Amino acid sequence: MENLPILSRSMTFSKMLQMDKSAASIIRKWPWFFPPLCHRKDQASLTDIEKSRYICAFYMVNNDGTLGQLVDLHAGMYMQHGNLRLLPWHRIFLLLFEEALHNYHPDVCIPYWDWTKPEEQHFPDWLAGILPTVHTPTRTINVIRSPGSESWLAGTVSGVSSALGQTSYDSFSSPINGIHGGVHIWVGGTMSDASVSPADPVFWLHHANLDRLWWDWHNSAAGNHQNPVIAGQISPWTYTEADTRNIISLGYKYV
């Protein structure tokens, strides 16, 4: 919460239950409400109920002002794009957003959009009509988008296999940086502008997939558990690079 103070000010029933020590035994009996480990799933495999609950939680996080604060944070100059900080910085960013989702739906995890699969090389249909208005501390954003062709997206992400075969973090993250930006441009509109892109709900699915690819590479023979060399705290967070290394310790995994 110290990384995003607005989270500490909300008082939802989910938070009240988790703060109440006398409710611990109840929570343990409700693993479907309070899963011990968040399972981030492929968006294409979500049930209709899972999609509906994700959208509902997204709107609640927008309504309470958390999303707006995250959008303005992303607009800051923290060297989080175009270099080796992209992946660890956004891993923290995703974690804070997921924590905000859990304020309302503790069972909701960020899905990932696996645009490496031919069957997912189009904009996720269930999010096509979700075009929120997001109020940040400094402005109002009306989400718009205009996705390109499927063949364009396929070409944009075609370098993933080569990136996963790289044997150093720098050589892996460099093409991933390019693919990351290419998908943003492909979606278009709000997603094409780094100062407002987190206002589009697909932003979080896109970055979850990048985070998943990083985790897969990290645990592969090529990645050999290598980590980026980043000294000190990852501004503006209190997290350091070492804090981002193990997603299980951070409370989630990809399924």
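One can find the structure itself at the top, above this paragraph.
For the structure given in this document, a descriptive report is provided here. Fair warning: this is a prediction, and the values are worked out from it, not measured in the lab.

Regarding its fold elements, the protein presents 11 helices and four strands. Across the 255 residues that make up the protein, the buried fraction comes to 51%. Considering only contacts in the protein between residues 6 or more positions apart, those separated by 24 or more positions represent 74%. Only carbon and sulfur atoms are counted for the fraction: they give 57% of the accessible area of the protein, which is about 11,300 Å².

Looking now at the nonpolar core. Core analysis: the largest hydrophobic core is formed by 67 residues, its most contacted members being Tyr 54, Phe 97, Trp 113, Trp 115, Trp 204 and Trp 237. Per-element tally for this core: the top contributor is helix H6 (residues 86-102), with 11 residues. Other than its neighbours up to four places away in sequence, Phe 97 contacts Tyr 54, Phe 58, Val 61, Leu 67, Leu 70, Ile 110 and Trp 204.

Attention now goes to the environment of Asp 211. Here Asp 211 lies in helix H10 (residues 202-218). Owing to a relative accessible area of 2%, Asp 211 belongs among the buried residues under this scheme. Separated by 43 residues in sequence, Asp 211 and Tyr 254 place their C-alpha atoms 9.5 Å apart. Residues contacting Asp 211, with those up to four places away along its chain left out, are Arg 40, Arg 91, Leu 94, Ile 247, Tyr 252 and Tyr 254.

Moving on, we get to the packing of H6 against helix H9 (residues 169-187). Interhelical geometry of H6 versus H9 gives an angle of 65° and a closest axis separation of 10 Å. The segment H6 lies against H9, with Leu 86, Leu 87 and Pro 88 engaging Tyr 169, Phe 172, Ile 176, Asn 177 and His 180. Partitioning the contact of H6 with H9 into residue classes produces six nonpolar, two polar and no charged.

The next thing to look at is the packing of helix H4 (residues 48-63) against H6. Relative to each other, H4 and H6 sit at 100°, their axes nearing to 9 Å. Judged by the inter-axis angle, H4 sits roughly perpendicular to H6. Where H4 approaches H6, its residues Tyr 54, Ala 57, Phe 58 and Val 61 are matched on the opposing element by Phe 97, Ala 100 and Leu 101. Residue composition of the contact of H4 with H6, grouped by class: seven nonpolar, no polar and no charged.

On to the environment of Lys 253. Within the secondary structure, Lys 253 sits in strand S4 (residues 252-254). C-alpha separation for the pair Lys 253 and His 39, spaced 214 residues apart in sequence, amounts to 5.4 Å. When sequence neighbours within four positions are dropped, the list of residues in contact with Lys 253 reads Leu 37, Cys 38, His 39, Arg 40, Ile 247 and Ile 248.

This part is about H6. The terminal C-alpha atoms of H6, which comprises 17 residues, lie 24 Å apart, in line with the 24 Å expected from a rise of 1.5 Å per residue. Within H6, 15 of the 17 residues are buried, leaving the element largely enclosed by the surrounding structure.

The end-to-end C-alpha distance of H9 is 27 Å, a good match for the 27 Å that 19 residues give at a rise of 1.5 Å each. Among the residues of H9, Tyr 169, Phe 172, Ser 173, Ile 176, Asn 177, Ile 179, His 180, Gly 182, Val 183, His 184, Trp 186 and Val 187 are the ones counted as buried. In this fold, the buried residues of H9 make contact with H6, helix H7 (150-156), helix H8 (160-164) and H10. Gly 188 occupies a position one or two residues after H9 and carries a positive phi of about 80°.

Reading the values: the criteria
- Residues numbered from 1 in each chain as written.
- Predicted model: local features only at pLDDT ≥ 70, side-chain atom pairs only at ≥ 80, totals over all residues.
- Heavy atoms only, no water.
- Helix = DSSP H or I, 4+ residues; strand = E, 2+ residues; numbered from the N terminus.
- Buried < 20%, exposed > 50% of the residue type's maximum accessible area, 1.4 Å probe, protein only.
- Contact = heavy atoms within 4.5 Å.
- Areas by Shrake-Rupley, 256 points an atom, 1.4 Å probe, with all protein chains shown as cover.
- Core = buried A, V, L, I, M, F, W, Y, C linked by side-chain atoms within 4.5 Å.
- Axes fitted to C-alpha atoms, helices over the stretch in contact; angles between N-to-C directions.
- Nonpolar A, V, L, I, M, F, W, Y, C, P; charged D, E, K, R; others polar.
- Parallel < 35°, antiparallel > 145°, perpendicular 65-115°, else oblique.
- Expected span 1.5 Å × (residues − 1).

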